Amino acid sequence: MKSIYLLPLILVIATANLGVDISNYDLPPRTFFDCLATQNVTKALVNVWDEYGEVNKNVLQNYIRAKDAKIKDFDVLVTLNDAFSAEDICNGAASGLPTAFKGTVWLDVQGKERFWSLNVTDRIPFIENVTTTCQNLGLKTGVYSSADAWSFVTGSQGAGSDTLKTTPIWYINENQNEDFDDFEYAGFGTWETPAMKNYGANTM
């Protein structure tokens, strides 16, 4: 029986290549990654640290299978929850990464109330602290969110900082348009140029 996978597609700005976020699947079979490769997917993304402070034990196997399928790039997601310190988050994420990992650690800023106990004014500094703490561990970091989630978390669509502006931004606007023409109104923070966009979903 053929498995059906619903995949958010990501447009990578620098090369206009496709990536897929497979965080909803624990460990897809090798044939899944081979299928992605035949669809010209060049980046795979999985979650390495979840909202409960758990490290994904399948990251290494996903990484190996993606590389075996000749998928060039491999990034990971870290779900931010201010119940955990920046040190806990970054050390936990780092402990789950393959030794050969050279991708980006995307800080997933979700607009879910249960993830945020800090005052709104303290949330940008918290995200900054996670960013710099992870960078001090030698990890490349970026921010992943949507305009509505960012507004909920920070109090404003335009909230940001000079520290965060230096990191890449991956935004969500599932309008099925494979371009960044919408970033002017669907973007957020103080970023001017996005790195990636979640623009829709597909099935395999």
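Cut-offs used in this document
- Residues numbered from 1 in each chain as written.
- Predicted model: local features only at pLDDT ≥ 70, side-chain atom pairs only at ≥ 80, totals over all residues.
- Heavy atoms only, no water.
- Buried < 20%, exposed > 50% of the residue type's maximum accessible area, 1.4 Å probe, protein only.
- Helix = DSSP H or I, 4+ residues; strand = E, 2+ residues; numbered from the N terminus.
- Right-handed = clockwise from strand over helix to strand, strands pointing away.
- Pairing = 2+ DSSP bridges.
- Polar contact = N/O pair within 3.5 Å; in protein donor to acceptor, adjacent residues only side chain to side chain.
- Contact = heavy atoms within 4.5 Å.
- Disulfide = S-S within 2.5 Å.
- Phe/Tyr/Trp six-rings, centres within 6.5 Å; stacked < 30°, edge-to-face > 60°.
- Arc of directions from axis to C-beta.
- Salt bridge = Lys/Arg side-chain N within 4 Å of Asp/Glu carboxyl O.

## Overview of the pairing of strand β6 (residues 140–146)
In terms of burial, β6 is largely enclosed, as 6 of its 7 residues are buried. The β-α-β motif built from strand β5 (residues 104–108), the intervening helix α4 (residues 123–136) and the parallel element β6 has right-handed crossover chirality. Where β6 lies against strand β7 (residues 169–172), 4 bridges are found, and the strand directions are parallel. Bridge pairing in β7 places tyrosine 144 opposite tryptophan 170.

## Remarks on the side chain of threonine 154
Examined against the element boundaries, threonine 154 turns out to sit in helix α5 (residues 147–154). Within the structure, threonine 154 has its side chain in polar contact with the backbone oxygen of serine 156 (distance 2.9 Å). In this structure, threonine 154 is in contact with Val120, Ile124 and Ala159, ignoring residues within four places of it in sequence.

## Some remarks on the state of the cysteines
Tallied over the full model, the rule gives 1 disulfide. The disulfide bridge from cysteine 90 ends at cysteine 134, spanning 2.1 Å between sulfur atoms. Measuring the twist about the S-S bond at about -95 degrees, one finds the cysteine 90-cysteine 134 disulfide to be left-handed. Note that cysteine 90 is positioned in helix α3 (residues 86–95) and cysteine 134 in helix α4, a separation of 44 residues in sequence. This pair shows no difference in class: cysteine 90 is buried, exactly as cysteine 134 is.

## Re the packing of aromatic side chains
Counted according to the given criterion, the structure contains 11 aromatic pairs. Look at tyrosine 171 and phenylalanine 180: their rings are 6.1 Å apart centre to centre, the planes differ by 50 degrees, and that puts the pair in the tilted class. An angle of 80 degrees between the planes, with centres 5.8 Å apart, marks the rings of phenylalanine 188 and tryptophan 191 as edge-to-face. Looking at tryptophan 191, the relative accessible area reads 7%, which means it is buried. Joined through ring pairs, the aromatic side chains of Trp106, Tyr144 and Trp170 make up one cluster.

## Focus: α5
Looking at α5, one finds that the buried residues are Ala147, Ala149, Trp150, Val153 and Thr154. Angularly, the buried residues of α5 cover 165 degrees about the axis, an arc narrow enough to put them on a single face. The inward-facing, buried residues of α5 abut α4, β6, α6 (162–165) and α7 (183–186).

## Some details on the pattern of salt bridges
Where charged atoms of side chains with opposite charge meet at close range, the side chains can pair. Taken as a whole, this structure holds 5 salt bridges when the rule is applied. Its salt-bridge partner being arginine 30, residue aspartate 68 comes within 2.7 Å of it at the nearest N-O pair. Remark: arginine 30 occurs in helix α1 (residues 30–38) and aspartate 68 occurs in helix α2 (residues 59–68); sequence separation between them is 38 residues. With relative accessibility at 46%, the residue aspartate 68 sits in the partly exposed group. Relative accessible area serves as the criterion here: at 40%, arginine 30 is assigned to the partly exposed category.

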